[in-house]
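# Commentary on secondary and tertiary structure
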Amino acid sequence: MNAPVVIVGTGLAGYNLAREFRKLDGETPLLLITADDGRSYSKPMLSTGFGKNKDAEGLSMAEPGAMAEQLKAQVRTHTRVSGIDPGHKRLWIGEEAVAYRDLILAWGAETVRVPVGGDAPEAIFPINDLQDYGHFRAAAAGKQRVLVLGAGLIGCEFANDLLLGGYAVDLVAPCEQVMPTLLHPAAASAVQAGLESLGARFHLGPVLNRLQRMASGLEAHLSDGQVIPCDLVVSAIGLRPRIDLAAAAGLLVNRGVVVDRQLQTSHANIYALGDCAEVDGLNLLYVMPLMNCARALARTLTGAPTQVSYGAMPITVKTPVCPLVVSPPPRGLEGRWTVEGQGADIKALCRDAEGRLLGYALTGSAVMEKLALNKELPALLA
Ligand SMILES: Cc1cc2nc3c(=O)[nH]c(=O)nc-3n(C[C@H](O)[C@H](O)[C@H](O)COP(=O)(O)OP(=O)(O)OC[C@H]3O[C@@H](n4cnc5c(N)ncnc54)[C@H](O)[C@@H]3O)c2cc1C
């Protein structure tokens, strides 16, 4: 039998690539392997579950059996790939060798964990997949106070969602503003004020040193001496692309698994896309880039080598209390920021010396201007 095309990972990258591939090729054997339960879901929905009143079950869109049928593929769940042997075109699942025609790494990114002292580490919940979300929902049932670690995009989205779900939220992060790598300070202030209007309390500057179990819940001890009572902690301090197995197999890695514009790694017949991939120097942990990659890679895998392109990719942040769309200036481009508006309605634009728009941050009613502005934005990978 011909060796299959093997996709490792059944997140949005893995399943979308499989869909695109099947549109062009209905016959080649296709095997998907995933360490998790293989349910199809949209990860962005994890930070809107309370507001939309959906638990993990409610967010699941299809069981792996249904996906296998739809994709004319085999889906192996709860199966962790443990090694790659590029020289022999096979991968390892423990002692079992699996041959591939082409191998696609769509194994995502993992949550960054920092050591926290105290006797309650199990009360800290990273939420990076449907199973994590299910565990958190179960633990949060009947509780009232959540401490969110991290004030990046995902920390702010979780804070907004938990507030909508009726929780009291404290947010702790060692930075001066929310979303520091993404947002102009004026837009960051608008988002913070919006979340505060729902009751969020921000503790920007310190880190969590110690989490201590008490008779009536937990105590979070911060590095600046503050002590915050809470019932559980959501950790949203960042994601790190999975690169270890690729590096061990001799593939070129940097922040992510390094691939060219055809999504090929440094080894023939091995490709990568999604959160784990660094495409022509860009490791973008969003849905739109991986969809472009899935379409291009499906063509390459079916005999029409195709380079991926990225247009402008503005990010809609799910903080409904303060609508926010942001398009940071592309790497290496310097510009000057101007800010219009006040309060919740901020229009921050970054332009180069010739007046060309490089990026923006829009909040509140200024979000309405995004379509017009998007036409002016530069492509990220032309
Ligand atoms: C809470 C949250 C909200 C978000 N909101 C947005 C948003 O609004 N808009 C947006 O554009 N992006 C958003 N993102 C980012 C976006 O969801 C991700 O970029 C995208 O889902 C990544 O998909 P992926 O398939 O690359 O990775 P993942 O979904 O992480 O999938 C990785 C897969 O690989 C498997 N795997 C890992 N290691 C192995 C192994 N060794 N063997 C076998 N299988 C393995 C896993 O089990 C999993 O199936 C959000 C992310 C989060 C966490």
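Note: the structure precedes this text.
Residues numbered from 1 in each chain as written. Predicted model: local features only at pLDDT ≥ 70, side-chain atom pairs only at ≥ 80, totals over all residues. Heavy atoms only, no water.

## Comments concerning the site of the ligand
In the vicinity of the ligand lie 32 residues, with Thr 34, Val 81, Asp 275, Val 287 and Lys 318 positioned nearest. The separation between an oxygen atom of the ligand and a polar side-chain atom of Lys 43 is 2.9 Å. The separation between an oxygen atom of the ligand and a polar main-chain atom of Leu 285 is 3.4 Å. When the free accessible area of the ligand is taken as 1,000 Å², the share hidden by the protein chains comes to 93%. (Near = heavy atom within 4 Å. Polar contact = N/O pair within 3.5 Å; in protein donor to acceptor, adjacent residues only side chain to side chain. Areas by Shrake-Rupley, 256 points an atom, 1.4 Å probe, with all protein chains shown as cover.)

## Examining the pattern of salt bridges
In the structure shown here, the tally under the stated rule is 18 salt bridges. Among the ionic pairs, Arg 22 bridges to Asp 25, the shortest N-O distance being 4.0 Å. Each member of the pair Arg 22 and Asp 25 is classed as buried. Of the charged contacts in the structure, one is a salt bridge between Asp 37 and Arg 39, with a shortest N-O distance of 3.1 Å. When its relative accessible area of 18% is taken as the criterion, Asp 37 is described as buried. Each of Asp 37, Arg 39 and Glu 57 takes part in salt bridges that share partners, so that together they form one network. (Salt bridge = Lys/Arg side-chain N within 4 Å of Asp/Glu carboxyl O. Buried < 20%, exposed > 50% of the residue type's maximum accessible area, 1.4 Å probe, protein only.)

## Overview of empty space enclosed by the protein
Across all of its chains, the model carries two cavities of 30 Å³ or more by this definition. For the largest cavity, the calculated volume is near 50 Å³. Taken together, Leu 273, Gly 274, Asp 275, Ala 277, Val 279, Leu 284, Tyr 286, Pro 289, Leu 290, Cys 293 and Tyr 310 make up the lining of the largest cavity. Elements supplying a minimum of two residues to the lining of the largest cavity: β23 (277-279) and α8 (287-301). By residue number, the principal contributor to the lining of the largest cavity is α8, which donates three residues. (1 Å grid on protein atoms, 1.4 Å probe; cavity = no way out; pocket = protein on both sides within 12 Å on 5 of 7 lines; lining within 4 Å. Points joined across faces, edges and corners; volume = space filled by probe spheres on them. Helix = DSSP H or I, 4+ residues; strand = E, 2+ residues; numbered from the N terminus.)

## Some points on the sheet that holds strand β1 (residues 5-8)
Sheet architecture is open: five strands sit in the order β5-β2-β1-β9-β22, paired in parallel fashion. Edge positions in the sheet fall to β5 (74-76) and β22 (270-272), since each of these pairs with one other strand and no more. With direction set aside, neighbouring strand axes in the sheet form an average angle of 20 degrees. As judged from the four bridges shared by β1 and strand β2 (residues 30-33), these two strands associate in the parallel manner. Note that in β2 the partner of Ile 7 across the bridge is Leu 32. (Pairing = 2+ DSSP bridges. Axes fitted to C-alpha atoms, helices over the stretch in contact; angles between N-to-C directions.)

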